[in-house]
Amino acid sequence: MKSSLSSCKVMLYLKIVFFFAIGLLPVQELLGADLKTIDSLLHESMSVQYDQKEIAIAHVKMARELAKDLDDPKLMARINNQEGTVHYISGDYELALRDFLEAYEYAIKVNSIPEKEYAMNGRALVLMVEREFVVAKDLFEACILINATTNDSVKLAKNHFNLGILHNEQGDLDQSMVQLNTALNFLTNYPKQGLNLMVNNRMAKVYYELGDYENALSKYNNVLQDSLSLTNWEKTFALTGLAQLKFETGHTEEALALGKEAYSTAKFHGANWDLQKITELLSVIYKEEKLFDKAHYYLELSQSYRDSLYDKEKSRQIARLQLKLTQVENEKLRAESDKDQTTIKQNNRLFIFLTLLILFLGFTIYFYRKNIKLKEQFNGSLKKKNRAIEKQKSLIDQQNKNLIEINAVKTKLLSVISHDLRSPITSIKQLLEMRGKGYFTKEDENEAYDHLTTQIQNAETMLNDLLEWANRQMDGLESNPSEVALSDVVTEVLLGYNFQTKTKFINTEHSENQSLQIEIDRVQLKIILQNLIGNAIKFTPEYGTIKVYYEANERFVICHIEDSGVGVDENYHDLINSGDYARIPSMAGTANEKGTGLGILLVKQFLDLNGGKLKMESEPGLGTHFILYFKR
């Protein structure tokens, strides 16, 4: 332990001397350095990035100072990527994302694919810490596609390793192990690559979480035994993992010793993430040992490191950087769009020029031939007459087509009027027949006259509405939408069928909702409701029930019309629910009511005209459920 503390002091002194030396270097000498010096500084930064954060950052800053006058975007992308890596390793995620963002901007300026991929990978790592797993996964997979084109095994191993971490953090341990094994396969020919230790460390963690302590212990020990490639970062991870494993298996003293060593190593290289994990574990171990003062001390340390990693301001800064990245990408797309527009304009100009040239050549040839062959004049005159005849014929054909369409509309309007007047006229007829046969007492007769008056008034109102509507439709069947209170129209239609429902002792339940407004042609809506409610009455036996109720979503108001009637034959289900305007064969009602088969056809046509739709659910003997979708 003493030798470890002594070595820490020596390294601290070396850092102080190093920074003084940097401060004494003349700016002129730095500006005069060449690319070779910058390259050397970046490699030096990479070599100590896991162990000595301050020195690694100092090397990057020197490289940045030397490169500022070189105007080399690719070099600046590389410098920012390296600085972002050091900040990420040490847990400064907001700074890391800022660096990777700047690296990405520089990379896309010169289309440097390697630096762009590096920046995307770094950005995904930070987003994974922020638990933005979906975006991070998309970025890692995009990096895999880039590296697959160059067949770069080490970079592919890194991408799959990062995906393994992502699945581990999400709790998908099996998929995590698949990705980590894929990473090891790519590293088969690179046994000395430091990434091997990272992969083995993460595999040990996954084994531990799977409960396979034997394999976890073996992996952690293999990492710690590789003294040549082992960095303080990976050493801290392995020691922390071993401490956790020992504590879990009841070897508390060994766990405490390993935890202390991990804490000492983590403090040396200054990674806040590692410090938070090991102090949290030490707090748990001391609590188990009933050393509550130390447990509380390490718990407070753990919380302070956690706060430094995840405070809200950093999250907001990272979000702002993400927004900036999106803006950069949008600017790139806008630039590409402007370039495309310029190309299109140039192509259009070329097309216009060629068109004018062709027209010029055409007129030249025409006049030349005209001067040589007088016969062309006669042929030209004949062609004009033929065109006039063709034009006249086309006009006549169009007029005939319009007449056919008008006749078809008139026929349909007559069908609508006759179909909708059938029900009130039938009711009047039934009342008169019942009176003629002496079915009514004096009181019943008065009530019957009231019903008769109501039915005649309803028939007159319906006829006036239909005639007014038909007059508007003479030039073609179309919709004249307005804002309509759906519940009020349903109430009006139900009142119109009051006699029929009373005659069959049918109970109607209407869940009124005055707040539901729809955009529809009011007359067409009334025709739709009259047909469907009329059908419900027609096919519901005596003492049955008809329910009308509503629901709504962002786009539609949905009207439900349910009856307890005989249901619809299964052979007609597809025909009714399809988009075809096929006529449904008419069937007699439960009281032998007659029909024309036009009702459902009109409902579907008028719903389509108004942007609505129809759905039917029915089982023979159990009733029918019509669902109407109206635009809000």
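The structure under discussion appears in the preceding block.
Rules used in this analysis
- Residues numbered from 1 in each chain as written.
- Predicted model: local features only at pLDDT ≥ 70, side-chain atom pairs only at ≥ 80, totals over all residues.
- Heavy atoms only, no water.
- Helix = DSSP H or I, 4+ residues; strand = E, 2+ residues; numbered from the N terminus.
- Expected span 1.5 Å × (residues − 1).
- Buried < 20%, exposed > 50% of the residue type's maximum accessible area, 1.4 Å probe, protein only.
- Phe/Tyr/Trp six-rings, centres within 6.5 Å; stacked < 30°, edge-to-face > 60°.
- Lys NZ or Arg CZ within 6 Å of the ring centre and 35° of its normal.
- Core = buried A, V, L, I, M, F, W, Y, C linked by side-chain atoms within 4.5 Å.
- Contact = heavy atoms within 4.5 Å.
- Axes fitted to C-alpha atoms, helices over the stretch in contact; angles between N-to-C directions.
- Parallel < 35°, antiparallel > 145°, perpendicular 65-115°, else oblique.
- Left-handed = near helix turned anticlockwise from the far one by under 90°.
- Nonpolar A, V, L, I, M, F, W, Y, C, P; charged D, E, K, R; others polar.

Another point: helix α5 (residues 73-89). Between its first and last C-alpha atoms α5 spans 24 Å; for 17 residues at 1.5 Å apiece the expected length is 24 Å, and the two agree. With 15 of 17 residues buried, α5 is to be regarded as a mostly interior element.

Below, the discussion takes up the packing of aromatic side chains. Applying the stated rule across the entire model yields seven aromatic pairs. Seen from their ring centres, Tyr88 and Tyr93 are 5.7 Å apart, and the 55° between their planes marks the pair as tilted. Note on Tyr88: relative accessible area 17%, which makes it buried. Ring geometry for Phe556 against Tyr629: centres 5.8 Å apart, planes inclined by 80°, an arrangement best described as edge-to-face. Of the two residues, Phe556 is situated in strand β5 (residues 556-563) and Tyr629 in strand β7 (residues 623-631); the sequence distance between them amounts to 73 residues. On the basis of relative accessible area, Tyr629 is assigned to the buried category, the value being 18%. Taking NZ or CZ as reference, Lys158 lies 4.6 Å from the ring centre of Tyr118, over its face. Lying over the aromatic face of Tyr629, Lys613 brings its terminal NZ or CZ to 4.9 Å of the ring centre.

Generally, phi is negative for residues other than glycine and the peptide bonds are trans, each holding for most cases. The backbone of Asn151 sits at a positive phi, close to 55°, despite the residue not being glycine. Looking at where Asn151 falls in the secondary structure, it is placed in the loop between α8 (133-150) and α9 (153-170). Of note, the phi angle at Phe505 is positive, near 55°, even though the residue is not glycine. Looking at Phe505, the relative accessible area reads 46%, which means it is partly exposed.

Counting residues in hydrophobic clusters, the biggest one holds 46 residues, and the most contacted among them are Tyr88, Met128, Phe140, Phe161 and Val199. The set of elements that each furnish at least two residues to this core consists of α5, α6 (93-110), α7 (113-129), α8, α9, α10 (173-186), α11 (195-210) and α13 (232-248). Here the element with the most residues in this core is α7; it accounts for eight residues. Apart from the residues lying within four places of it in its own chain, the contact partners of Phe161 are Leu180, Ala183, Leu195, Met198, Val199 and Arg202. Listed in part, the 40 residues of the second largest apolar core include Leu486, Val490, Ile546 and Phe626.

Attention shifts here to the packing of α10 against α11. The contact between α10 and α11 brings their axes to 10 Å, and the two run at 155°. One finds that α10 runs roughly antiparallel with respect to α11. In this structure, α10 crosses over α11, and the sense of that crossing is left-handed. Two secondary-structure elements touch here, α10 through Leu173, Asp174, Ser176, Met177, Leu180, Asn181, Ala183 and Leu184 and α11 through Asn196, Val199, Asn200, Arg202, Met203, Val206, Tyr207, Glu209 and Leu210. A breakdown of the residues in the contact of α10 with α11 according to their chemical character gives 10 nonpolar, four polar and three charged.

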